[in-house]
Protein chains: 6
Amino acid sequence: MAPSKAVVAHLVVLLLLVPLLSLLPFSSHALTQDLCVANRLLPDTPSGYPCKPKGLVSSDDFYSDALARPGPVIAPFNTSLASAAVKQLPGLNGLGISATRVDVQPGGVVPMHTHPEASELIFLLEGTLFAGFISAETNKAYVKILKKGDLYVFPQGLLHFQFNTGNTTATAIAAYSNQNPGLQIAVYALFGNTLTVETVNKTTFVTKEEVMRLKDLFGQSSVPS
Amino acid sequence: MAPSKAVVAHLVVLLLLVPLLSLLPFSSHALTQDLCVANRLLPDTPSGYPCKPKGLVSSDDFYSDALARPGPVIAPFNTSLASAAVKQLPGLNGLGISATRVDVQPGGVVPMHTHPEASELIFLLEGTLFAGFISAETNKAYVKILKKGDLYVFPQGLLHFQFNTGNTTATAIAAYSNQNPGLQIAVYALFGNTLTVETVNKTTFVTKEEVMRLKDLFGQSSVPS
Amino acid sequence: MAPSKAVVAHLVVLLLLVPLLSLLPFSSHALTQDLCVANRLLPDTPSGYPCKPKGLVSSDDFYSDALARPGPVIAPFNTSLASAAVKQLPGLNGLGISATRVDVQPGGVVPMHTHPEASELIFLLEGTLFAGFISAETNKAYVKILKKGDLYVFPQGLLHFQFNTGNTTATAIAAYSNQNPGLQIAVYALFGNTLTVETVNKTTFVTKEEVMRLKDLFGQSSVPS
Amino acid sequence: MAPSKAVVAHLVVLLLLVPLLSLLPFSSHALTQDLCVANRLLPDTPSGYPCKPKGLVSSDDFYSDALARPGPVIAPFNTSLASAAVKQLPGLNGLGISATRVDVQPGGVVPMHTHPEASELIFLLEGTLFAGFISAETNKAYVKILKKGDLYVFPQGLLHFQFNTGNTTATAIAAYSNQNPGLQIAVYALFGNTLTVETVNKTTFVTKEEVMRLKDLFGQSSVPS
Amino acid sequence: MAPSKAVVAHLVVLLLLVPLLSLLPFSSHALTQDLCVANRLLPDTPSGYPCKPKGLVSSDDFYSDALARPGPVIAPFNTSLASAAVKQLPGLNGLGISATRVDVQPGGVVPMHTHPEASELIFLLEGTLFAGFISAETNKAYVKILKKGDLYVFPQGLLHFQFNTGNTTATAIAAYSNQNPGLQIAVYALFGNTLTVETVNKTTFVTKEEVMRLKDLFGQSSVPS
Amino acid sequence: MAPSKAVVAHLVVLLLLVPLLSLLPFSSHALTQDLCVANRLLPDTPSGYPCKPKGLVSSDDFYSDALARPGPVIAPFNTSLASAAVKQLPGLNGLGISATRVDVQPGGVVPMHTHPEASELIFLLEGTLFAGFISAETNKAYVKILKKGDLYVFPQGLLHFQFNTGNTTATAIAAYSNQNPGLQIAVYALFGNTLTVETVNKTTFVTKEEVMRLKDLFGQSSVPS
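All chains use their own residue numbering, which begins from 1 and follows the written sequence. Chains and ligands are labelled sequentially in the order written, the chains with letters from A and the ligands with numbers from 1. Where local features are concerned, this predicted model is filtered to residues with pLDDT of at least 70; where side-chain atom pairs are given and counted, the filter is 80 or more; whole-chain, interface and lining totals use all residues. The side-chain numbers reported here are obtained from all heavy atoms of the structure, hydrogens and water having been left aside.

*Asks:* Can you break down the overall build of chain A residue by residue, with the values?
*Replies:* The secondary structure content of chain A amounts to 4 helices and 12 strands. Across chain A, contacts joining residues at least 24 apart in sequence account for 65% of those joining residues at least 6 apart. Each helix is a run of DSSP H or I of at least 4 residues and each strand a run of E of at least 2, with the numbering of both proceeding from the N terminus. Any pair of residues with heavy atoms lying within 4.5 Å of one another is described as a contacting pair.

Okay, here's the thing in structure tokens:
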């Protein structure tokens, strides 16, 4: 039987490695899974990134100050987002958890959105937020006014939102049940997409005029990460 | 130590059962997991329903003709939906799969929606559908015109849609990676929910007038199941 | 401590990439998991293939017409199989779903087989099939005659079969709870394997004469994919 | 809205419990998941049995001598099987592991079988076994002669077998990646099932005469548990 | 065949329910899994609690102020703990996430501990903490001084600790990748257990004198929840 | 848009492969998942190693005699450990199971330890062991004296131990619910780590003198693998 593409690919890798490897003394240390820090130079897999070699791992891989300050403001929302997912914090790889910081100015909003890959648990650090999610089964909104120190749960994949009902910036930390929760903001996905006005009108029942207005607002948007 | 509530609850169950059980000869047959048909009289758990006793299981538990005919028409969409999830087909319990039949009349639409708990693989039986989903990361729409015999994939949790671009009813079977995929239709969840016009406007950026128009259209809607 | 093999392998990859990478402007786009289309040039992992770079992904990755026509006929069964698993439809990677089309001629059969990695939900498009599976615990067969539009469930890993009891070709679409369900056909695995007649006789209790007859029939077989 | 069946069912349970509960002092002990010993009086779920109340758990729940002696001999195989799955060892509930002891007499066999829900790792305590499994993809048999102290792996869902090639009883311990691995023995499932001779012939390609002979041998069999 | 225990148990439940159910009008609402709020009156399962009936679910099930204030102080540690796991916040059921608040006084410590079921991501609200975990493979400690706004990761099951190196109380929120992370504090588990001094000495290599001293300190301890 | 780093990396791989690939006839054999033997030259991922090409897989990949003899003695414990995890037995990759052999001399001990990634099921081959684990919730020790042929369960992530109470070597086989269970020995992790005496004292409450004594004993230790 002739060798398959995959066999050849593996042999090529071995051929490239053998000369270099032979120049070097080896330790007997092997990779294991008590730690699997993301090697983001290699392609992702459905379970996460390949592991960085243990010898290159340091405590910096488990540390981040990405949430110490507000992220960049997203203009139409008067809200800033900062993320600490596997991209920013490679030690999260394979661990099923990540976090985001959201700062909502007075009058600001985190508009309707979903996390396709995660549930969310939010903790309010400062201010007041009106928060809620929509049940897929009943369209009932489960809402609550959150004050400093309050927690609220958003189950996986359901549309949810928050907006500031106070006079000061509201700051919250959100934790997710995934190293990379994903974020699909309804106004971006519905109106800032690459579909025509007609297709958006057809699939959202929003009038063409309103779709055009919203495409003008959100058509050049990109999702914060 | 005093017995806990849970201990007491168990003892009560045992007390109630013992007199009846003592009147009956027993087989030694125990429940196992090569089959776990849903007992839908008992409450669901995060992994699915408790198993029906093996002795009460028959081939009918694995059979359904729920997709043999179109489901009821949903008026504003000119589309009918019929479901075969664990509710209709209890043999699916614990197996991570289910199906739906969709019949889209000429001009009809399956509007923007997500399945919070499942990916979808659709197979077109008849007609022509324009189908697509929106990437959460880039807002790019991945679209395709589907003809009889075509397959298309909708990754978990992402907004997607189909509409009929032909002159005859388009019929498709959709399979899902979950015994209960869930269904959150954007127009229902965004406009047919229990939130005020102001809150919907604030969190969707759709004008209040348009929100009111859409609430009139979808305010009494319930999700088909 | 001397660098381990894995460290060296990583450094080699970096050395090879740095000169080329330095010639190119970069976007800041990173791979994420709202989509993980299979890169089948790289080796598979237990959770699926590494992801193709997002910039190379197109809607074709989510589309297939592999089930639009019957697959090749498998002579002794008078049945044809066509597959749409991750190999044919790379957009299925990591999503836990796939499909197959089976066309069974009058008198034809899908003989006893298992899918080691998946449960199955079958939908009959045309004709009549007698379908069933065998409980591992009781050896009871759960069987049903399926007509157009009927669904039947085959729980993960259990032996099951279908055969055509009508006068016209029966066509069905099967969906699986895995991107790659696997297929172990009993007659191939038991009689078309690389074991001796004696070993097959010893482990199946089928007489040596019958084993020889079946080895003649199925000895050169390979599993359709 | 009128209360649903499930609501009523819950209220009934509460009504029955309240009078008894009110007579008793309570500890504040709640169930948690560092331990979830199976309560086998309640129905199984796809993830395992409900947990026994913590106050009723003792070290006996984690202990078994079920593998200290050979199990009952299965006549046609000259092999005895003893199991330690969640049924025999309730402390395994939810933990993804179990074990079996197999004693194969000289000339005895563990015939072709699968575990629908688990991979297997076998360790030979005494004697000599010829062991192998069949790849689903290629029908290639991966075989090995095992001596005392040897390990062999059987991947999930694939047909595998062992037989004694020595003059003394061979004893092995098999561990499984599931609290309840399941066991489907090919001769039982193919020939000892409730299907007619014609159906078995049709779906296995074994002659009717041979099917009848094998049904006589295995028709009254039940799977050991 | 006589009905099994499980069949009888189910029949009993039905018998008890039928008379009450027949008095009531029913909605057609069924339980689904877009929400599965814990019904903590029923026993837990390996995947979480059975779901509360949808009709009894309210937004309070997704809300908690359990982390708005420090929890009770644990004397020897000068640290207080407050939990928001499924026990305190039933809406977390099945969602794979929970949180804890820890307030460490100047000089206080969160001693060496593990979460058997979860990884942890900690966010420092106020003060300064020295935090670290121990690699199982190398015994290397990965440590960091954390200031306000910093994040640190503790991979699943590994021993880790924090202590206050500043002059003010340090407050942190920890998120976990499980609805019920579990908590095994080394000094409690090693010295506050029900084993004899001899057994603890034998299995920890700490001198009997020191074990006795530590048993005096921690022998009556119970794990905060 | 300029190509991203990941795109370039993929193109580089393709450039390197194309010239070699073009010299070779190909079979159409593709990797699938009925087998995924670990290719340990490539980096691990959270779900396990990439698969070795099917054409290079042999029965040796599923076989090991690593547990046929006692492993090396660990001096202070008078115990020897031999492992058969994915590192020693690459056929275990992705299968969720592995094993260890432990030989405990008279007076020897397997000191308090956890497996961060796995539950354990132990089977005693010879001798007598006193075995136990500590509940995280209650600090209660669940203990048992094990004789030849006995089984005992240690739930995931909980501290557990064994010691020999007899006059002969006790030998046991332990199976784990993970291809790589991990091993964190309390005396190594608490006292043989890279932390200062002060930090260990602070986080374990063991006196500095005792910490120093234990660091002398275990400071140069490395975890057996």
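*Asks:* Break down the packing of aromatic side chains for me, with residues and values.
*Replies:* Centre distance within 6.5 Å is the pairing criterion for rings of Phe, Tyr and Trp, where only the six-membered ring of Trp is used; planes under 30 degrees apart are then read as stacked, over 60 as edge-to-face, and the remainder as tilted. Counted under the stated rule, the structure contains 78 aromatic pairs over all chains. Counting every residue linked through ring pairs, the aromatic cluster contains A:Phe62, E:Phe133, E:Tyr142, E:Tyr152 and E:Phe154. By definition, being over a ring means that NZ of Lys or CZ of Arg is both within 6 Å of the ring centre and within 35 degrees of the ring normal. The positively charged end of A:Lys144 is found above the aromatic ring belonging to E:Tyr63, 5.0 Å away from the centroid.

*Asks:* Could you give an account of the relation of the copies chain A and chain E, naming the residues involved and the relevant values?
*Replies:* Residues below a pLDDT of 70 in either copy are left out; the C-alpha atoms of the rest, at least 70 in both, set the least-squares superposition of the copies. Superposing chain A onto chain E requires a rotation of 180° together with a translation of 0.0 Å along the rotation axis, leaving an RMSD of 0.0 Å. Taken together, the rotation angle and the small translation identify this as a two-fold axis. Among all residues of chain A, the minimum C-alpha distance to the rotation axis is found for A:Ser177, at 2.9 Å. Both copies present the same face, since 100% of the interface residues in chain A are matched by interface residues at the equivalent positions in chain E.

*Asks:* Tell me about the state of the cysteines, and please be specific about residues and values.
*Replies:* Residues and elements named next belong to chain C. Note on terminology: pairs of cysteine sulfur atoms within 2.5 Å are recorded as disulfides. Following the criterion strictly, the structure yields 6 disulfides over all chains and no others. A sulfur-sulfur separation of 2.1 Å characterises the disulfide bridge that pairs cysteine 36 with cysteine 51. What sets the handedness of the cysteine 36 and cysteine 51 disulfide is the S-S torsion sign, and at about -100° it is left-handed. Linking cysteine 36 in the loop between α1 (5-21) and β1 (63-64) with cysteine 51 in the loop between α1 and β1, this pair joins segments that are 15 residues apart in sequence. Using a relative accessible area of 9% as the deciding quantity, one classes cysteine 36 as buried. Exposure classes here rest on a 1.4 Å probe applied to the protein chains alone. A residue is buried below 20% of its type maximum, exposed above 50%, and partly exposed in between.

*Asks:* Mind laying out the sheet that holds strand β9 (residues 151-154) of chain C, listing which residues take part and the relevant values?
*Replies:* A pair of strands counts as paired when DSSP detects no fewer than two bridges linking them. The strand order across the open sheet formed by 7 strands is β1(B)-β9(C)-β6(C)-β11(C)-β4(C)-β3(C)-β2(C), and the pairing between neighbours is antiparallel. In this open sheet, the two edge strands, each paired with only one partner strand, are β1 (63-64) of chain B together with β2 (73-74) of chain C. For strand β6 (residues 120-126) of chain C and strand β11 (residues 170-176) of chain C, the ladder comprises 6 bridges, and the chain directions are antiparallel. Note on β11(C): the bridge partner recorded for C:Glu120 is C:Tyr176.

*Asks:* Explain the interface of chain A and chain E to me, using residue names and the numbers behind them.
*Replies:* Contacts between the two partners involve 53 residues from chain A, matched on the other side by 53 residues from chain E. Each partner contributes to the roughly 4000 Å² buried at the junction of chain A and chain E, and carbon and sulfur atoms together form 66% of this total. Note on terms: buried area is the combined drop in 1.4 Å-probe accessible area of two parts once they are placed together, counting the loss on both. Three residues, A:Phe62, A:Glu137 and A:Leu151, lead the burial of chain A against chain E; their summed loss comes to 15% of the area buried on that side. Whenever Lys or Arg places a side-chain nitrogen within 4 Å of a carboxyl oxygen from Asp or Glu, that contact is recorded as a salt bridge. For the interface between chain A and chain E, the tally reads 4 salt bridges. A 3.5 Å cut-off defines polar contacts: any pair of N or O atoms within that distance qualifies, except that in protein one atom must be a possible hydrogen donor and the other a possible acceptor, and neighbouring residues in sequence count only when both atoms are side-chain atoms. Counting every contact that joins chain A to chain E gives 19 residue pairs in polar contact (both at pLDDT 80 or more). At the level of secondary structure, the elements contributing two or more residues to the side of chain A that touches chain E comprise β1 (63-64), β4 (98-104), β6 (120-126), β8 (141-147), β9 (151-154) and β11 (170-176) of chain A. Looking at the side of chain A that touches chain E, the element that brings in the most residues is β8(A), giving 5 residues. Direction of pairing for β1(A) relative to strand β9 (residues 151-154) of chain E: antiparallel, over a ladder of 2 bridges. Within the sheet, the bridge partner assigned to A:Tyr63 lies in β9(E) and is E:Tyr152.

*Asks:* Can you lay out the pattern of salt bridges for me, pointing to particular residues and giving the numbers?
*Replies:* Counting across every chain of the model gives 54 salt bridges over all chains. When the shortest N-O distance is used, the salt bridge between C:Lys54 and C:Asp34 registers 3.0 Å. One end of the pair, C:Lys54, is in the loop between α1 and β1; the other, C:Asp34, is in the loop between α1 and β1, and 20 residues separate them in sequence. Of the two residues examined, C:Lys54 and C:Asp34, each falls in the buried class. The salt bridge involving F:Lys147 is made with F:Asp150; its shortest N-O contact spans 3.4 Å. With a relative accessible area of 47%, F:Lys147 lands in the partly exposed category. A relative accessible area of 2% places F:Asp150 in the buried class.

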